[in-house]
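Structural characterization, general
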Amino acid sequence: MVLFLALPLAAQESTLVRDNADLLAARGDGEVTLADFQARVDRIPPEQRFVTVRNRTRFEDMLNKLLIDAQLAADARAEGFHDNPVVRARLELAMREELARAWIEHKVDDGGAVDYTAMAREEWMLNRDQYLTAETIDVAHILISTEDRTNEEALSIASALHEQLLTSPEQFAELARTRSDDPGSASRGGTYPDVKRGDMVKPFEDVAFALEIGEISEPVLTDFGYHLIRLDGKQSPEQQPFDAVRVQLENQARERYRERKRREYLQPLYAEEIEVTRDSVENAVERALGPDVLARNAQDEADP
């Protein structure tokens, strides 16, 4: 993998000349080491790490965020802010939470080699009807735009063209080239091949997918104007080969396996009885929210 040799980070040339072989980047008093970067990358799901680091914009955003955090932390330490008791408690809590996340990920991964390809193939074989290509159609249309016309004017033109096509359907392509207000298709006779559901606005889609091959619709109103739609072809869904969906199914299998392992590990912990007393809860609430919070709460409960 080729990484980026010249990132547009302020003071890159000067700040990297420091006596630290593990240093990745620096700006001001903020430093990011290779270990810092590795720890940040470890937070990214394994299947997304390569594309994230390989993408220049994401890489720079991640590195800049690490540098900003490093600078802010350096400023905080310089002012002695890290010695504030509440801040120390927050740091301890953050460390505990990060350790818990790292530990559960370790336990989820600590299952030996897992054949996600075999899981994916089994899913594909058991549920083949869920892995079909999309139904597609080939259509052609003539658009009479309402951008510079009233709806009535556009409908009148579209209706006249529709009457003409009922007697001379072979003129559709020529009328599309000379009369259609859709510049994207007029030059090719109004055609749009391989249209799937969701490609077109819904009123257009509903009519187009309901037509018989060769049939020309009556004027159909959308936000763009009135359309005359002809169905030229229809491709039914087909079974996708396993290799076409393998990566998708492997990712799904990996996530299902990891979630099952996570539940299996956490469920017994949730099942254990919590040891807590009313006094300790009240003391915790009072310390967190102030000495009069319990009195106010008691008053609120007493009020009708």
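Just so you know, these numbers come straight off a predicted model, no measurement behind them. (Residues numbered from 1 in each chain as written. Predicted model: local features only at pLDDT ≥ 70, side-chain atom pairs only at ≥ 80, totals over all residues. Heavy atoms only, no water.)

It is possible for side chains of opposite charge to pair when their charged atoms get near one another. All told, the structure shown has 19 salt bridges when counted by the stated rule. For R56, the salt bridge goes to E60, with nearest N and O atoms at 2.9 Å. Taken together, the residues span about one helical turn, with R56 and E60 both in helix α4 (residues 56-78) at a distance of 4 residues. Accessibility expressed as a relative area gives 15% for E60, which makes it buried. Of the charged contacts in the structure, one is a salt bridge between R246 and E250, with a shortest N-O distance of 3.1 Å. With R246 and E250 both in helix α10 (residues 242-271), this residue pair falls 4 residues apart, about one helical turn. Judged by its relative accessible area of 10%, E250 is buried. (Salt bridge = Lys/Arg side-chain N within 4 Å of Asp/Glu carboxyl O. Helix = DSSP H or I, 4+ residues; strand = E, 2+ residues; numbered from the N terminus. Buried < 20%, exposed > 50% of the residue type's maximum accessible area, 1.4 Å probe, protein only.)

Attention now goes to the pairing of strand β2 (residues 30-33). Pairing between strand β1 (residues 23-27) and β2: 4 bridges, direction antiparallel. Within β2, the residue paired with L23 across the bridge is T33. (Pairing = 2+ DSSP bridges.)

A word on the nonpolar core. One broad rule of soluble globular proteins: the nonpolar side chains tend to lie buried together. Residues I142, I144, L161, L165, F172, L175 and L228 are the most contacted members of the largest nonpolar core, which totals 13 residues. Taken together, the elements giving at least two residues each to this core come down to β3 (136-145), α7 (151-167), α8 (172-179) and β6 (225-235). Broken down by element, the residue count for this core peaks at 4 residues, all from α7. Contacts of I142, omitting those with residues within four sequence positions, involve L161, L165, F172, L175, A176, S180, Y226, H227 and L228. Grouped together as the second largest cluster of nonpolar side chains are 11 residues, V32, F37, V53 and M62 included. (Core = buried A, V, L, I, M, F, W, Y, C linked by side-chain atoms within 4.5 Å. Contact = heavy atoms within 4.5 Å.)

Here the focus is the side chain of S185. Here S185 lies in the loop between α8 and β4 (191-196). Given a relative accessible area of 0%, S185 falls into the buried group.

So, about the sheet that holds β6. Overall, antiparallel pairing links the 4 strands, which are arranged β4-β3-β6-β5 in an open sheet. This sheet does not close on itself; its edge strands, each paired only once, are β4 and β5 (220-222). Going across the sheet, the axis of each strand differs from the next one's by a mean of 45°, ignoring polarity. As paired elements, β3 and β6 share 10 bridges and run antiparallel to each other. Each residue of the ladder has a partner; that of I144, found in β6, is Y226. Docked against the sheet, α8 engages β3 and β6, running at close to 45° with respect to β3. (Axes fitted to C-alpha atoms, helices over the stretch in contact; angles between N-to-C directions.)

Moving on to the side chain of T222. Here T222 shows up in strand β5. By relative accessible area, T222 is classed as buried at 8%. Of note is the side chain of T222, whose polar atom sits 2.7 Å from the side chain of H227. (Polar contact = N/O pair within 3.5 Å; in protein donor to acceptor, adjacent residues only side chain to side chain.)

Once that is clear, we can look at the confidence of the model for the protein. Chain-level pLDDT for the protein is 88 on average; 88% of the residues reach the 70-or-more range. Confidence, expressed as mean pLDDT per element, reaches its minimum in the protein at helix α1 (residues 12-15) with 43 and its maximum at β3 with 98. Note that residues 1-17 has pLDDT below 50 and, in this model, 32 contacts with residues that lie over four places away or in other chains. (pLDDT = per-residue confidence, 0-100.)

For the rest of this paragraph, the subject is the environment of Y116. With respect to the element layout, Y116 can be found in helix α6 (residues 116-126). Along the chain, Y116 and R246 lie 130 residues apart, while their C-alpha atoms are 9.7 Å from each other. Filtering out sequence-adjacent residues up to four positions away, Y116 remains in contact with E250, A253, R254 and Y257.

Our next topic: the packing of aromatic side chains. Scanning the model with the defined rule gives 3 aromatic pairs in all. Consider the rings of Y116 and Y257, whose centres lie 6.0 Å apart with planes at 75°: the pair is edge-to-face. Here the residue Y116 occupies a position in helix α6, and Y257 occupies one in helix α10, the gap between them amounting to 141 residues. You'll find Y116 and Y257 in the same group, each marked buried. Taking NZ or CZ as reference, R121 lies 4.1 Å from the ring centre of F242, over its face. Seen from the ring of F172, R230 lies directly overhead, with NZ or CZ sitting 4.6 Å from the centre. (Phe/Tyr/Trp six-rings, centres within 6.5 Å; stacked < 30°, edge-to-face > 60°. Lys NZ or Arg CZ within 6 Å of the ring centre and 35° of its normal.)

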